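Inside the fold
Single-letter residue listing:
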Number of protein chains: 2
Amino acid sequence: MPTPTLDRFFQVCLPAIEEELRLAVAFAGGPGLEALHGMLAYHMGWEGETSGPNASGKRIRPLLVLLACAAAGGEWTDALPGAAAVELVHNFSLIHDDIEDNSDLRRGRPTVWKIWGIPQAINAGDAMYALAQLSVLRLQHTASQPAALQAAVILQQTCLALTQGQYRDISYEQRHDLALDDYWPMIEGKTAALVAASAEIGAIAALADHETCSAYREFGRALGLAFQAQDDLLGIWGDSALTGKSAESDLVTGKKSLPVLYGLEQKGLFALRWLAAPVEPADVPALARQLELDGAREYTRQRADELTNAARQALERANPQGEAGQALVQLADWLLGRNM
Amino acid sequence: MPTPTLDRFFQVCLPAIEEELRLAVAFAGGPGLEALHGMLAYHMGWEGETSGPNASGKRIRPLLVLLACAAAGGEWTDALPGAAAVELVHNFSLIHDDIEDNSDLRRGRPTVWKIWGIPQAINAGDAMYALAQLSVLRLQHTASQPAALQAAVILQQTCLALTQGQYRDISYEQRHDLALDDYWPMIEGKTAALVAASAEIGAIAALADHETCSAYREFGRALGLAFQAQDDLLGIWGDSALTGKSAESDLVTGKKSLPVLYGLEQKGLFALRWLAAPVEPADVPALARQLELDGAREYTRQRADELTNAARQALERANPQGEAGQALVQLADWLLGRNM
């Protein structure tokens, strides 16, 4: 559970984020376009079967935008168009990723392409992309024209980085010679770039100076990388990956995660087994133990720790102010599982 | 053939457009990303088998940006980032449309998805989209910050309109009750929006006043609609649609074009035959004749004429200056087949 300070921000900011998102997505609708709007509203978790908070995701990225804005001395409400923009970029990329990865389910519900087909789903993702960019440009009305331009450039560079990370991820599926060095560029694009942009755009909306904006960016980047390393750890040694749901273990899905790439590079017993044949759920406990014996669990934990420390240090350099500053520290701790 | 004045602009501007496009697309590359860049360079017609001008398309939209800028009193070189942006948006949408329409060929070459598969092609289109938006934002360096913001908002609204038009187009495939009223909103999004944006962004890069920018926008919009009506006419009664290549006739591909929708609304002999069974190439000459007897050819020609006149009038209101102004008039005539 989030701490009281962070929880207060959740309670105030999340409804405002949701309202801003609904306003942004409404631009896709209009006469004869109700069904297009409906696809986007379904994906955002607002419509259709089992809609609601569980279908929406946690809205961590937009919250990070608002907290960074407030902690950098701005009014968090001024950053709302930026907050909506990063969440819409995240969701545009999910709609397309689900097609590219052939995923039937997202947050427990059928994916957009499973319901409406690939052509409409590609197009709905493109519409979400355009809505994101229109949203970030509205920072010209709440912050300033130069801030809006700066944030728009950062968001576009982030979208480019997302596609570069996704290009690597897709192309890795064909490769059997992957090394640790292949991991970080993929994660920088797929995960870290958008978290870095979220923190930076918040600071930009507060009209913070260049150095402060850079420190927030670095905080977001390290936080994103640390979170991914942590997530990779749980994907193999987390409770649900080892027990009941071992079919969902990263060892079964074949995900090229940090521990797996480390394990392959050791060329030990894990690597031998991994390269021999696909992993069945029944193999998971023994293979996870072998991967741990080959040093991958310790290695991944160390990387996650280093990155967490780097995130802390960057946040100190950003010198976050007030309750929002405390909430940012708590958000990082919460995301990295430090208070569980 | 273009007239001498227009031809001079072609010769000076096209190499500059190509250079700006190459600079813009280079941002997608980098270590380990050569193949991603290669997909985009292939689609742009620069690499791969049968690369060259025929594989690149005519670059009409970026030329329109530059001519509008010069005719509105600006330096055409200042508009180059805007010119590259509209061409990249056009090509992003082609990469995705080819997947959505299941098209194997584009400008006589295999489409991106046919070569690299659907996942990489969706992602390559997304990368092209991001490059387009980064390009338009560079107008802040060649024109001004407010001009760049204004152009970026217009380009994003255009991208949203493209997806709305494409949504209609895809959803029309399932419908048998289409009427003339369904045609124009689809074409406004799929064709007219980007031509309108091209002319308007050129005027914005020239820092023209609001009224002039609107006149250029209206010129582009009417030009785009007129061009589409003309194209629909040629798709049924053009030489190649009626003779040798009748397999490519819009009557065979089943395209919901303006004459077809008019013909369906007459509920005459054409409509009876169209709704009865798919059209074979051998049926084309007789069916085209029937559609003409039902009044569709004359109706479409009248709409094209009205729209052409509207484009002329809007261009007069824009009061285009100098040789670029003459070239714009000639470009419109050339596109609408008036000097052929």
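Residues numbered from 1 in each chain as written. Chains lettered and ligands numbered in written order. Predicted model: local features only at pLDDT ≥ 70, side-chain atom pairs only at ≥ 80, totals over all residues.

**Overview of the overall build of chain A**
Inclusion rule: Strands here mean DSSP runs of E at least two residues long; helices mean DSSP runs of H or I at least four residues long; both are numbered from the N terminus. Radius of gyration: over C-alpha atoms. The globule rule applied is 2.2 Å multiplied by the number of residues raised to the 0.38 power. With C-beta atoms placed from the backbone, a residue is buried if 20 or more other C-beta atoms are within 10 Å of its own, exposed if 12 or fewer are, and partly exposed between those counts.
The helix and strand tally for chain A stands at 18 helices and two strands. For chain A, whose C-alpha radius of gyration is 20 Å, the value lies close to the compact-globule estimate of 20 Å for 340 residues. If you line up chain A on its principal axes, its C-alpha atoms span 60 × 50 × 35 Å. Counting across all 340 residues of chain A, residues that qualify as buried make up 54%.

**Focus: the interface of chain A and chain B**
Which entries qualify depends on this criterion: Throughout, a residue-residue contact means that the two C-beta atoms, derived from backbone geometry, are no farther apart than 7 Å. Three classes are used: nonpolar for Ala, Val, Leu, Ile, Met, Phe, Trp, Tyr, Cys and Pro, charged for Asp, Glu, Lys and Arg, and polar for all others, with Gly counted as polar.
In this assembly, 40 residues from chain A lie in contact with 40 residues from chain B. For the side of chain A that touches chain B, the secondary structure elements donating two or more residues are helix H2 (34-43), helix H5 (80-100), helix H7 (118-137) and helix H9 (145-172) of chain A. In the side of chain A that touches chain B, the residues fall into 24 nonpolar, 13 polar and three charged.

**Observations concerning helix H11 (residues 210-237) of chain B**
Operational definition: Residue count minus one, scaled by 1.5 Å, sets the expected span of a helix.
Taking 1.5 Å of rise per residue, 28 residues should cover 40 Å, and H11(B) covers 40 Å from first to last C-alpha, within 8% of that figure. When you tally the buried positions in H11(B), you get 23 out of 28 residues, the bulk of the element.

**Details of the relation of the copies chain A and chain B**
Definition in use: The atoms used to superpose the copies are C-alpha atoms, taken from residues with pLDDT of at least 70 in both, and the fit is least squares.
Expressed as a screw transformation, the operator carrying chain A onto chain B has a rotation angle of 180 degrees and an axial translation of 0.0 Å, and the superposed copies differ by an RMSD of 0.1 Å. Overall, the copies show the geometry of a two-fold rotation axis. Considering only C-alpha atoms, the part of chain A nearest the rotation axis is A:Leu149, at 3.3 Å. A shared binding surface is used by both copies, with 100% of the interface residues of chain A retained as interface residues in chain B.

**A word on the nonpolar core**
Spelled out, the test is: As used throughout, a nonpolar core is a set of buried Ala, Val, Leu, Ile, Met, Phe, Trp, Tyr and Cys residues joined through C-beta atoms within 7 Å of each other.
Among the nonpolar cores identified, the biggest contains 239 residues, and A:Leu67 and B:Leu67 are the most heavily contacted of them. Setting aside chain neighbours within four positions, we find B:Leu67 in contact with B:Phe9, B:Gly202, B:Ala324, B:Ala327, B:Leu328 and B:Leu331.

**Here's the deal with the environment of A:Lys114**
Along the polypeptide, A:Lys114 turns up in helix H6 (residues 112-116). When the C-alpha positions of A:Lys114 and A:Ser103 are compared, they lie 8.5 Å apart, and in sequence the two are eleven residues distant.

**Section: H2(A)**
Counting buried positions along H2(A) gives seven out of ten residues, so the element sits mostly inside the fold. Those residues of H2(A) not exposed but buried are A:Leu36, A:His37, A:Met39, A:Leu40, A:Ala41, A:Tyr42 and A:His43. In the core, the buried residues of H2(A) are packed alongside helix H1 (4-26), H5, H6 and H7 of chain A together with helix H9 (145-172) of chain B. Within two residues after H2(A), A:Gly45 carries a phi angle of roughly 90 degrees, on the positive side.

**Structural notes on the confidence of the model for chain A**
So the rule is basically this: In predicted models, pLDDT denotes the confidence assigned by the predictor to each residue on a 0 to 100 scale.
Summary statistics for chain A give a mean pLDDT of 93 and a share of 98% for residues scoring 70 or more. Note on the complex model: pTM 0.95, ipTM 0.95.

**Comments concerning the packing of helix H1 (residues 4-26) of chain B against helix H5 (residues 80-100) of chain B**
Residue and element names in this part refer to chain B. Put simply, the rule reads: Every axis corresponds to a line fitted to the C-alpha atoms, with the helix fit spanning only the stretch in contact, and the corresponding angles, defined between N-to-C directions, vary from 0 to 180 degrees. Any angle between 65 and 115 degrees counts as roughly perpendicular, while under 35 counts as roughly parallel, over 145 as roughly antiparallel, and the rest as oblique.
In contact at an axis separation of 9 Å, H1 and H5 are set at 70 degrees when each is read in the N-to-C sense. Taken together, the axes of H1 and H5 lie roughly perpendicular to each other. Contact residues: Ala16, Ile17, Glu20, Leu21 and Ala24 in H1; Leu80, Pro81, Ala83, Ala84, Glu87 and Leu88 in H5. Taken together, the residues that form the contact of H1 with H5 break down as nine nonpolar, no polar and two charged.

**Some remarks on the packing of H9(B) against helix H10 (residues 180-205) of chain B**
Residue and element names in this part refer to chain B. Let me state the cut-off plainly: Helix crossings are classified by the rotation of the near helix relative to the far one: an anticlockwise turn of less than a right angle makes the crossing left-handed, while a clockwise turn makes it right-handed.
Running from amino to carboxyl end, H9 crosses H10 at an angle of 165 degrees, the nearest separation of the two axes being 8 Å. The angle between H9 and H10 falls in the class roughly antiparallel. Judged by the twist between their axes, the crossing of H9 over H10 is left-handed. When its residues are assigned to classes, the contact of H9 with H10 shows 15 nonpolar, six polar and six charged.

**Focus: the environment of B:Asp182**
All names here are of chain B. For aspartate 182, the location among the structural elements is in helix H10. When the 16 C-beta atoms within 10 Å are taken as the criterion, aspartate 182 is described as partly exposed. When the C-alpha positions of aspartate 182 and aspartate 169 are compared, they lie 9.5 Å apart, and in sequence the two are 13 residues distant. Beyond its immediate stretch of four places on either side in the chain, aspartate 182 contacts Tyr172 and Leu261.

**Concerning the environment of A:Asp169**
Within the secondary structure, A:Asp169 sits in helix H9. Beyond its immediate chain neighbours, meaning those up to four positions away, A:Asp169 contacts A:Met186 and A:Lys190.

**Quick word on unusual backbone geometry**
If you check the backbone angles, A:Asn102 has positive phi at about 60 degrees while not being a glycine. Counting through the fold element by element, A:Asn102 comes out in the loop between H5 and strand E1 (105-106). The exposure class assigned to A:Asn102 is exposed, which follows from the 11 C-beta atoms found within 10 Å. For B:Leu207, which is not glycine, the phi torsion reads 55 degrees and is therefore positive. Following the sequence through the fold, B:Leu207 ends up in the loop between H10 and H11.

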